[in-house]
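# Examining the three-dimensional arrangement
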Amino acid sequence: MTNEMRSDLTVAFQDAWKGVASPGAVWTGRERVEIAAEARRARSNGHAGPDIDPLVAEAASTVAAHPASIRRRWVERVVGEGLGHPGYVELLGIVARVVAVDTFHQCLGMDLMALPEPIAGRPTGITDGRARAGKAWVPMVGGASITQALSLVPFENAELELLHGPLYLTFEQMSDPGFTRGLTRPQMELLAARTSAINECFY
Amino acid sequence: MLSWSARETDTPFDLRAVTDPTVDPIIPGGKMLLELAGAVLAGEATANAAEGVRLAVGEAGLVDAAGVIGNFQMMNRVADATGMPVGAGSRLRNAELIEDLGFDRFDHLGD
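Worth saying up front: this structure is predicted, and the values here are computed from it rather than measured. (Residues numbered from 1 in each chain as written. Chains lettered and ligands numbered in written order. Predicted model: local features only at pLDDT ≥ 70, side-chain atom pairs only at ≥ 80, totals over all residues.)

### Digging into the overall build of chain B
To keep it simple, the criterion reads: Numbered from the N terminus, helices here are DSSP runs of H or I no shorter than four residues, and strands are runs of E no shorter than two. The burial label depends on the number of other C-beta atoms within 10 Å of a residue's C-beta. Counts of 20 or more mean buried, 12 or fewer mean exposed, and intermediate counts mean partly exposed, with C-beta atoms placed from the backbone. The contact rule is simple: place each C-beta atom from the backbone, and if two of them lie within 7 Å, those residues are in contact.
Tallying secondary structure elements over chain B gives five helices and zero strands in all. From first element to last, N terminus to C terminus, chain B shows the α and β order α-α-α-α-α. By the burial criterion, 43% of the 111 residues in chain B qualify as buried. Counting only contacts in chain B whose residues sit at least 6 apart along the sequence, the fraction spanning at least 24 positions is 26%.

### Things to note about the overall build of chain A
Keep this limit in mind: Each radius of gyration is computed over the set of C-alpha atoms, and the globule rule expresses the reference value as 2.2 Å times the number of residues to the power 0.38.
Along chain A, the regular secondary structure elements total six helices and zero strands. For chain A, the α and β elements follow one another from N to C terminus as α-α-α-α-α-α. The C-alpha atoms of chain A give 17 Å as radius of gyration, which agrees with the globular expectation for 203 residues (17 Å, within 12%). In chain A, buried positions account for 50% of the 203 residues. For chain A, contacts bridging at least 24 residues in sequence account for 61% of all contacts bridging at least 6.

### Remarks on the interface of chain A and chain B
Where we set the bar: Charged means Asp, Glu, Lys or Arg here, nonpolar means Ala, Val, Leu, Ile, Met, Phe, Trp, Tyr, Cys or Pro, and polar covers whatever is left, Gly included.
Every contact between the two is made by 66 residues of chain A and, on the other side, 60 residues of chain B. Where the side of chain A that touches chain B is concerned, the elements lending two or more residues are helix H4 (72-107), helix H5 (154-167) and helix H6 (185-198) of chain A. When the residues that make up the side of chain A that touches chain B are grouped by side-chain class, the tally is 42 nonpolar, twelve polar and twelve charged.

### Details of the packing of helix H2 (residues 29-43) of chain A against H4 of chain A
Residue and element names in this part refer to chain A. Threshold: Angular values range over 0 to 180 degrees, each being the angle between N-to-C directions of two axes fitted as lines to C-alpha atoms, with helices fitted over their stretch in contact. The scheme is simple: roughly parallel for angles under 35 degrees, roughly antiparallel for over 145, roughly perpendicular for 65 to 115, oblique for anything else. Two helices crossing with the near one rotated counterclockwise from the far one by less than a right angle form a left-handed crossing, whereas a clockwise rotation gives a right-handed crossing.
Relative to each other, H2 and H4 sit at 50°, their axes nearing to 9 Å. With respect to H4, the axis of H2 lies oblique. Here the hand of the crossing between H2 and H4 comes out right-handed. Residue-level contacts link Arg32, Ile35, Ala36, Ala39, Arg40 and Arg43 of H2 to Leu91, Ile94, Val95, Val98, Val99 and Asp102 of H4. Considered class by class, the residues forming the contact of H2 with H4 number eight nonpolar, no polar and four charged.

### Here we look at the packing of helix H3 (residues 54-65) of chain A against H4 of chain A
Residues and elements named next belong to chain A. Across the interface, H3 lies against H4 with an axial gap of 9 Å and an inter-helix angle of 40°. Overall, the two elements H3 and H4 adopt an arrangement that is oblique. For H3 against H4, the interelement crossing comes out right-handed. Contact with H3, carried on its side by Leu55, Val56, Glu58, Ala59, Ala60, Val63 and Ala64, involves Val78, Glu81, Gly82, Leu83, Tyr88, Leu91, Leu92, Val95 and Val99 of H4 and no other residues of that element. Broken down by class, the residue content of the contact of H3 with H4 amounts to 13 nonpolar, one polar and two charged.

### Considerations on the confidence of the model for chain B
This is how the line gets drawn: Each residue carries a pLDDT value, the predictor's own confidence for that position, ranging from 0 to 100.
Looking at chain B as a whole, its pLDDT mean stands at 86, while 77% of the residues score no less than 70. Across the predicted assembly, pTM comes out at 0.93 and ipTM at 0.96.

### Thoughts on the environment of Ala60 of chain A
Residues and elements named next belong to chain A. Within the secondary structure, Ala60 is located in helix H3. Residue classification places Ala60 among the buried positions, given that 27 C-beta atoms sit within 10 Å. With 38 residues separating them along the chain, Ala60 and Val98 place their C-alpha atoms 11 Å apart. The contacts of Ala60, once residues within four sequence positions are left out, are Ile35, Glu38, Ala39, Ala42, Leu91 and Val95.

### Here's the deal with H6 of chain A
Residues and elements named next belong to chain A. Stated formally: Helix span is expected to be 1.5 Å times the residue number reduced by one.
Between its terminal C-alpha atoms H6 stretches 20 Å, which fits the 20 Å expected from 14 residues at 1.5 Å a residue. Here H6 lies mainly inside the structure; 14 of its 14 residues are buried. Glu200, located one to two residues past H6, shows a positive phi value of around 55°.

### Section: the confidence of the model for chain A
Mean pLDDT over chain A stands at 94; residues scoring 70 or higher make up 98%. Of all helices and strands in chain A, the one with the weakest mean pLDDT is H6 of chain A (95), whereas H4 of chain A scores best (98).

### A word on the environment of Gly87 of chain A
Residues and elements named next belong to chain A. Its location among the elements puts Gly87 in helix H4. What makes Gly87 buried here is the crowd of 23 C-beta atoms within 10 Å. For the pair Gly87 and Trp27, spaced 60 residues apart in sequence, the C-alpha separation works out to 7.2 Å. Aside from chain neighbours lying at most four places away, what touches Gly87 is Val26 and Trp27.

### With respect to H4 of chain A
Residues and elements named next belong to chain A. Stated precisely, the cut-off is as follows: Given a residue, its bend is the angle between the two axes fitted to the seven residues that end at it and to the seven that start from it.
Counted at 1.5 Å a residue, the expected span for H4 with its 36 residues is 52 Å, but the 31 Å between its end C-alpha atoms falls short. Of all the bends in H4, the greatest, near 105°, is centred on Gly82, and the proline Pro86 appears no more than four residues after it. At the C-terminal side of H4, Gly109 shows a positive phi close to 70°.

This is how it looks when you write it as structure tokens:
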């Protein structure tokens, strides 16, 4: 099958991989690529890699392969046992983006992109001090909102939004019910609803 | 968003198809789109379903479909793993929908 890959998607995937490989707020580039690899292993029913911390492996594999099983108590445990809120939010961002990019390729019958080589450097330690605990399970800036879900770690929230636009719609385009690219908006929303239903995600 | 976009664009649809794959969603190409989502999320081969989508909505539509499914794989995980609450107003507005489609069984945010 030949697919007309949109150029914005090609760029978005390359940028996403660079983001995964780069040092984050908590994790080094090497650790971030290990988290990405663990997410892939979990979705293909593989065993955890030998070099990854068991707690990190548990968190990455749960988010990747069993997201509907996640409960507040589990989040509190993995955060409390060592990930911390910034480490957990960063891990979540990495895993969620890898699953998105992999799913895209699987839909089209394409080979998965090789995971990137880690980029050297120390974690930045950059978090947003305005983030506060609220109704959600992790601190966010400005209250619980899906657009602010990863805002404790600004890099992760920005990376999520950079991928969200090309894959689906930018937050601005979402307000246009007549938006059409290859699919009409109702066709897109049918897919969105079905994907969420299969994932048992009420939100 | 499905009900809203369909209403705003005068697109007939059957919402039951979201949770019941035997229901025709009526939306053009809808059955093929649902088959693709079902196949990839089940970890099954997608070649046949993808070809069905391509025939129904074209090559660009197929690429868009892959993007939408990928995006919601991402956003579902973000919502689930952060315990994103569904507001009381949203619950109230969608109460009938929630009951009709059985979406309450997905709600694990109270735990």
